[in-house]
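Notes for the structure review
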Amino acid sequence: MDDTLGDAVQGYYSSSDGEIVVISENKSPTVSTDTLVHELVHALQDQQFGLGRTPARQDPSMARNGLIEGEATLVTDRYFDRCSGEWSCIEQPQSSAGQSNIDRGILSVILQPYEDGPAFIEYIMSNDGWEGIDDAHSNYPESTAQIIHPEQYPDETPTNVSVADRSTEQWDILSHAPTRETVGEAAVNVMLRHNGIISSDESSSYAHPVSAGWTGDELVPYRNNDGKSGYVWQLEWETSKDALAFYDAYRELLTEHGAVERGKRQFVIPEGTFSGAFDVRTEGTTVTIVHGPAMESLDEIYSIDN
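Treat the numbers as computed from the prediction; the structure is a model and nothing was measured. (Residues numbered from 1 in each chain as written. Predicted model: local features only at pLDDT ≥ 70, side-chain atom pairs only at ≥ 80, totals over all residues. Heavy atoms only, no water.)

Next up on the list: the overall build of the chain. When its secondary structure is counted, the chain shows nine helices and nine strands. For 306 residues, the compact-globule estimate of 2.2 N^0.38 gives 19 Å, and the chain sits close to it at 21 Å. Overall, the chain is about 70 × 45 × 35 Å in size when its C-alpha atoms are taken along their principal axes. For the chain, the share of sequence-separated contacts (at least 6 apart) that also reach a separation of at least 24 residues comes to 64%. Of the roughly 16200 Å² of accessible surface on the chain, 45% is carried by carbon and sulfur atoms. A gap of 7 Å separates the mean positions of the 18 positive and 52 negative side-chain charges of the chain. (Helix = DSSP H or I, 4+ residues; strand = E, 2+ residues; numbered from the N terminus. Rg over C-alpha atoms; globule rule 2.2 N^0.38 Å. Contact = heavy atoms within 4.5 Å. Areas by Shrake-Rupley, 256 points an atom, 1.4 Å probe, with all protein chains shown as cover. Lys, Arg positive; Asp, Glu negative; His and termini not counted. Charge placed at Lys NZ, Arg CZ, Asp CG, Glu CD.)

Set out below in structure tokens:
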């Protein structure tokens, strides 16, 4: 995440300092016009509404950014529309970010608020105008699902998923804030799309029937005394049909990475980045995925009756 952000970000607005920070390796840094306009919108948002603290978990943080970045992106686009005709704008030198350390999957997750946010803003404006956007700053979206499907905002809020700690003494929840994570619909979509399991919907690169039924999730990372890691990831879906569609897609994902079946719901990937054992089960609208370094670790990380 740090490497990708470091190479992809040209500048940002710091609400704690009230300053726009330009990232450049040059002694005389330059910033592109679109980056400058975009960050000035953030400064205006902070002055008018206060950007406040970012939620600790990934999905609500990205949902908040869907509003904030969506508005800034839309205003920037409208600025350039006027520069091409109505206004005479000062040209600024273009700057380019590095590309060497960018992970394309992570980048796709990071970009979701920028790509889907403007459409979310336009949807709110079509119903309530700019006043509706102002009101949204005091009632942030709670999930990327609301950004991808703006008709869900503000009434269809995410399901609160809480994974029970069923680990043995050998395993502890990773002591890293946040100790529990919400992955969210956008990242679920990227996971399946980036690995070639699904293709993008034409109307939105983050909308697909397999991920659209998401209503909530929680991922809990673990580490044992030997420093090996694992996790429990539980996802909730609108219907059992939605849960089964994701269950099948995830099993296909494991197969694509060389997984070998070790029972009706357990798999082992013998080598590579995603090596280890997986237990994938579905019950009703819930899908639970347990990952550990070896088969025997699965029951140690999340012990439940077969």
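Picking up after the structure, the text goes on.
By the definition in use, this model includes five salt bridges. The salt bridge partner of Glu86 is Arg82, with a shortest N-O separation of 4.0 Å. What emerges from the salt-bridge pattern is a single network uniting Arg57, Arg180 and Glu218. (Salt bridge = Lys/Arg side-chain N within 4 Å of Asp/Glu carboxyl O.)

Packing of helix α2 (residues 33-48) against helix α3 (residues 58-83) leaves a shortest axis separation of 9 Å and a crossing angle of 130°. One way to sum up the angle between α2 and α3 is to call them oblique. Two packed elements cross with a definite hand, and for α2 against α3 that hand is right-handed. Each of Thr33, Asp34, Val37, His38, Val41, His42 and Gln45 in α2 lies in contact with α3, whose residues at this interface are Ile68, Glu69, Glu71, Ala72, Thr73, Val75, Thr76, Tyr79 and Phe80. Of the residues contributing to the contact of α2 with α3, the split by class is seven nonpolar, six polar and three charged. (Axes fitted to C-alpha atoms, helices over the stretch in contact; angles between N-to-C directions. Parallel < 35°, antiparallel > 145°, perpendicular 65-115°, else oblique. Left-handed = near helix turned anticlockwise from the far one by under 90°. Nonpolar A, V, L, I, M, F, W, Y, C, P; charged D, E, K, R; others polar.)

A word on the sheet that holds strand β4 (residues 214-224). As summarised here, the arrangement of the seven strands in space is β3-β4-β5-β9-β8-β7-β6, forming an open sheet in which the pairing is antiparallel. Here the strands that pair on one side only, and so sit at the sheet edges, are β3 (171-173) and β6 (260-261). Bridge count between β6 and strand β7 (residues 266-269): two bridges; the pairing is antiparallel. Paired with Glu261 across the bridge in β7 is Phe267. (Pairing = 2+ DSSP bridges.)

With that settled, the discussion passes to the packing of aromatic side chains. The description of an aromatic ring pair rests on the distance of the ring centres and on the angle between the ring planes. Within this structure, the stated rule accounts for seven aromatic pairs. Taking the centre distance of 5.9 Å and the plane angle of 40° together, the rings of Phe246 and Tyr250 count as tilted. Within this pair, Phe246 and its partner Tyr250 are both found in helix α8 (residues 240-256), separated by four residues, close to a single helical turn. In this structure Tyr250 comes out as buried when scored by relative accessible area, which is 4%. (Phe/Tyr/Trp six-rings, centres within 6.5 Å; stacked < 30°, edge-to-face > 60°. Buried < 20%, exposed > 50% of the residue type's maximum accessible area, 1.4 Å probe, protein only.)

Once that is clear, we can look at the side chain of Ser61. Tracing the backbone through its elements, the reader meets Ser61 in helix α3. Not counting chain neighbours up to four residues away, the residues in contact with Ser61 comprise Thr54 and Pro55.

When you tally the buried positions in strand β8 (residues 276-283), you get six out of eight residues, the bulk of the element. As defined by bridge partners, β7 adjoins β8 across four bridges and the pair is classed as antiparallel. In the sheet register, Phe267 faces β8, and the bridge partner there is Phe278. Remark: six residues form the turn of the hairpin made by β7 and β8, two consecutive strands paired antiparallel; Gly272 in that turn has positive phi of roughly 105°. Of the strand pairs in this sheet, β8 and strand β9 (residues 286-292) are connected by seven bridges, and their pairing is antiparallel. Across the sheet, Arg281 pairs through a bridge with Thr288, a residue of β9. Here β8 folds back onto β9, and the loop between the two strands holds two residues, one of which, Gly284, carries a positive phi near 65°.

Our focus in this paragraph is a nonpolar patch on the surface. Nonpolar side chains collect at one region of the surface, where Ile20, Val22 and Leu40 lie side by side and expose about 210 Å² of accessible area between them. On the secondary structure map, Leu40 appears in helix α2. (Patch = residues over 30% accessible without salt bridge, like charges linked within 9 Å, V, L, I, M, F, W, Y side chains within 5 Å.)

To continue, consider the nonpolar core. Residues Val188, Leu192, Trp233, Phe246, Tyr250 and Ile289 are the most contacted members of the largest nonpolar core, which totals 36 residues. Mapped by element, the contributors of at least two residues to this core are α5 (144-148), α6 (185-194), β4, β5 (229-237), α8, β7, β8 and β9. Once you skip the residues sitting within four places of it in the chain, Trp233 turns out to touch Val183, Val188, Met191, Asp217, Glu218, Leu219, Phe246, Tyr250, Val287, Thr288 and Ile289. The next biggest cluster of nonpolar side chains, apart from the first, holds 11 residues, and it includes Tyr222, Val232, Val290 and Leu298. (Core = buried A, V, L, I, M, F, W, Y, C linked by side-chain atoms within 4.5 Å.)

Any functional reading would require information that these geometric values do not contain.
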